[in-house]
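# Survey of secondary and tertiary structure
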Amino acid sequence: MSIGQIRVNEIFGPTIQGEGALIGQPTIFVRTGGCDYRCSWCDTLHAVDSVYRDEWHPMTPQAILMQIEILSGGKPLMVSLSGGNPAIQPLGSLIELGRREGYRFALETQGSIAKDWFAALDVLTLSPKPPSSGMDTDWQKLAECVEAAGAETQTVLKTVIFDDADYDYAKDLAARYPELPLYLQPGNHTPPSPAAADAPIDMPGIMDRMRWLVDKVAGDRWYTPTVLPQLHTLIWGNLRGV
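Residues numbered from 1 in each chain as written. Predicted model: local features only at pLDDT ≥ 70, side-chain atom pairs only at ≥ 80, totals over all residues. Heavy atoms only, no water.

## Some remarks on helix H4 (residues 164–176)
Here is the rule: Secondary structure elements are defined from DSSP: runs of H or I of at least 4 residues count as helices, runs of E of at least 2 residues count as strands, and each element is numbered from the N terminus. For a helix, the expected span equals 1.5 Å multiplied by the residue count minus one. Think of it in three bands: with a 1.4 Å probe and only protein chains considered, a residue is buried below 20% of the maximum accessible area for its type, exposed above 50%, and partly exposed in between. Working note: the arc is built from the helix axis to C-beta atom directions. Here a residue-residue contact requires only that any non-hydrogen atoms of the pair lie within 4.5 Å. In the analysis that follows, any N or O atom pair within 3.5 Å is treated as a polar contact, provided that within protein one partner can donate a hydrogen and the other can accept it, and provided that, for residues neighboring in sequence, both atoms belong to side chains.
Over its 13 residues, H4 runs 19 Å from end to end, which matches the ideal 18 Å to within 8%, given 1.5 Å per residue. Those residues of H4 that sit buried are Asp166, Tyr167, Tyr169, Ala170, Leu173 and Ala174. What you see down the axis of H4 is that its buried residues fit within an arc of 155°, all on one side. Each element contacted by the buried residues of H4 is listed here: helix H3 (139–149), strand S7 (154–161), strand S8 (182–186) and helix H5 (203–219). Its side-chain oxygen placed 3.2 Å from the backbone nitrogen of alanine 165, aspartate 163 serves as the N-cap of H4.

Rendered as structure tokens:
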């Protein structure tokens, strides 16, 4: 792969953002390949596990922007950079090119790698992974990501909740960053197989977890976080490319 190229798993949309601060907003997604984490419940293994690297295509920022423009019909909208962990990729040039054409850029990352081009984003969602993921949070690296984004980028926190330990983790996260908006969502405990474009989903189980989370937050009188479902999961289940 040449210097400056970006490893892309898929580009799709326009559709709507399914979670977090931009939920419901029309969006085009650029999903990059590769990740430094291996979460136990990962729902995008096709963009994480190197077994699927043959599906990741090196693309120049210009080629990616051209695809975005085709999909959007030339009308600028929000572009979500996701993964895997998109912070692994050299996305600064793509953001610069796209912003010149009026596109806005959001990125979601677990906060394990800080990049100076975070400051060029419109929205940075830091989604550190709770205990159920099997991953450990490096709080220093997360702080470096917050610092890299600076004052001009809208920085928010988001974490998924599967159980009481995850809930306690979210409380700790909020205490560390009381100035940042926090979004909580129930986790998808029936993620799709990487080889499948769709897969069965336990929707009743997801809704049970959603009700449990709402009751938990309300019962604790914890009024600062925003509790949301994964909207795309409620609409399309585990279908990819939506």
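Having seen it, we continue.
## Focus on the nonpolar core
Generally speaking, nonpolar side chains in soluble globular proteins are found buried as a group. What counts is decided by this rule: Among buried residues, the Ala, Val, Leu, Ile, Met, Phe, Trp, Tyr and Cys ones that are joined through side-chain atoms within 4.5 Å form a nonpolar core.
In this structure, Ile64, Leu81 and Phe118 are the most contacted members of the largest nonpolar core, which totals 42 residues. Not counting chain neighbours up to four residues away, the residues in contact with phenylalanine 118 comprise Ala87, Leu107, Thr109, Ile113, Leu124, Cys145, Ala148, Ala149 and Thr153. In this structure, Cys35, Trp41, Val48 and Val160 belong to the second largest nonpolar core, which totals eight residues.

## Some remarks on the pattern of salt bridges
Convention followed: Note on definitions: salt bridges are taken to be side-chain nitrogens of Lys or Arg within 4 Å of carboxyl oxygens of Asp or Glu.
For the structure on display, the rule yields nine salt bridges. For arginine 31, the salt bridge goes to glutamate 10, with nearest N and O atoms at 2.8 Å. Linking arginine 31 in strand S2 (residues 26–32) with glutamate 10 in strand S1 (residues 6–16), this pair joins segments that are 21 residues apart in sequence. Judged by its relative accessible area of 13%, arginine 31 is buried. Three or more residues joined by partner-sharing salt bridges are found here, namely Glu19, Glu108 and Lys158.

## Details of the packing of aromatic side chains
We count it as follows: Each Phe, Tyr or Trp ring (for Trp, its six-membered ring) is paired with any other whose centre lies within 6.5 Å, and the angle between the two planes then decides the class: stacked below 30 degrees, edge-to-face above 60, tilted in between. Only when the NZ of Lys or the CZ of Arg is both within 6 Å of the ring centre and within 35 degrees of the ring normal is a charge said to sit over the ring.
Within this structure, the stated rule accounts for five aromatic pairs. Where phenylalanine 12 meets phenylalanine 29, the ring centres are 5.1 Å apart and the plane angle is 10°; that geometry is what we call stacked. Separated by 17 residues along the polypeptide, phenylalanine 12 in strand S1 and phenylalanine 29 in strand S2 bring together distant segments of the chain. Accessibility classification places phenylalanine 12 together with phenylalanine 29 in one group, the buried group. If you follow lysine 171 out to its NZ or CZ, it ends over the ring of tryptophan 222, 5.2 Å from the centre. Its guanidinium or amino end placed over the ring of tryptophan 139, arginine 176 lies 3.8 Å from that ring's centre, counting from NZ or CZ.

## A look at the pairing of S8
We apply this condition: Consider the strands pointing away from the viewer: the crossover is right-handed when the path from the first strand over the helix to the second runs clockwise. Paired strands are those between which DSSP finds at least two bridges.
Summarising burial for S8: five of the five residues are buried, a large majority. By the alternation rule, side chains of S8 split into Leu182, Leu184 and Pro186 and Tyr183 and Gln185, which are all buried. Note on the crossover from S7 through H4 to S8: the handedness is right-handed. Relative to strand S9 (residues 226–227), S8 is paired through two bridges, and the arrangement is parallel. From the neighbouring strand, leucine 184 faces S9, where its bridge partner is valine 227.

## Quick word on the side chain of glutamine 17
Tracing the chain through its elements places glutamine 17 in the loop between S1 and S2. Of the polar contacts made by the side chain of glutamine 17, one reaches the backbone nitrogen of glutamate 19; its length is 3.3 Å. If we skip the residues at most four places from it in the chain, glutamine 17 touches Leu22, Ile23, Gly24, Gln25, Thr27, Phe29 and Ser80.

## Quick word on the sheet that holds S2
As a reminder, the rule being used: In this description, a line fitted to the C-alpha atoms serves as the axis of each element, helices being fitted only across the stretch in contact, and the angle between N-to-C directions of two axes falls anywhere from 0 to 180 degrees.
The mixed open sheet is built from nine strands, whose spatial order is S3-S1-S2-S4-S5-S6-S7-S8-S9. What marks the edges here is a single partner per strand, and that holds for strand S3 (57–59) and S9. As defined by bridge partners, S1 adjoins S3 across three bridges and the pair is classed as antiparallel. The residue of S3 that forms the bridge with isoleucine 6 is methionine 59. Most of the contacts of helix H1 (residues 61–72) go to S1, to which it runs at about 15°, and overall it touches S1, S2, S3 and strand S4 (78–82). Each of S7 and S8 is contacted by H4, which is oriented at about 165° to S7, the strand it contacts most.

## Side note on the packing of H1 against helix H2 (residues 92–100)
Angle between the axes and distance between the axes are the two parameters that describe a pair of packed helices. Our working rule: With respect to orientation, any angle under 35 degrees is reported as roughly parallel, any angle over 145 as roughly antiparallel, any angle of 65 to 115 as roughly perpendicular, and every other angle as oblique. Crossing handedness is read from the near helix: turned anticlockwise from the far helix by less than a right angle, it gives a left-handed crossing, and turned clockwise, a right-handed one. Residue type decides the class: Asp, Glu, Lys and Arg count as charged, Ala, Val, Leu, Ile, Met, Phe, Trp, Tyr, Cys and Pro as nonpolar, and the leftover types, Gly among them, as polar.
Between H1 and H2, the shortest axis-to-axis distance is 9 Å and the interhelical angle comes to 45°. In terms of axis orientation, H1 runs oblique to H2. As for the relative orientation of H1 and H2, their crossing is right-handed in sense. Between H1, through Pro61, Gln62, Ile64 and Leu65, and H2, the contact on the second element is made entirely by Ser93, Leu94, Leu97 and Gly98. Of the residues in the contact of H1 with H2, the class split is five nonpolar, three polar and no charged.

By themselves, these are just geometric observations and shouldn't be taken as functional.
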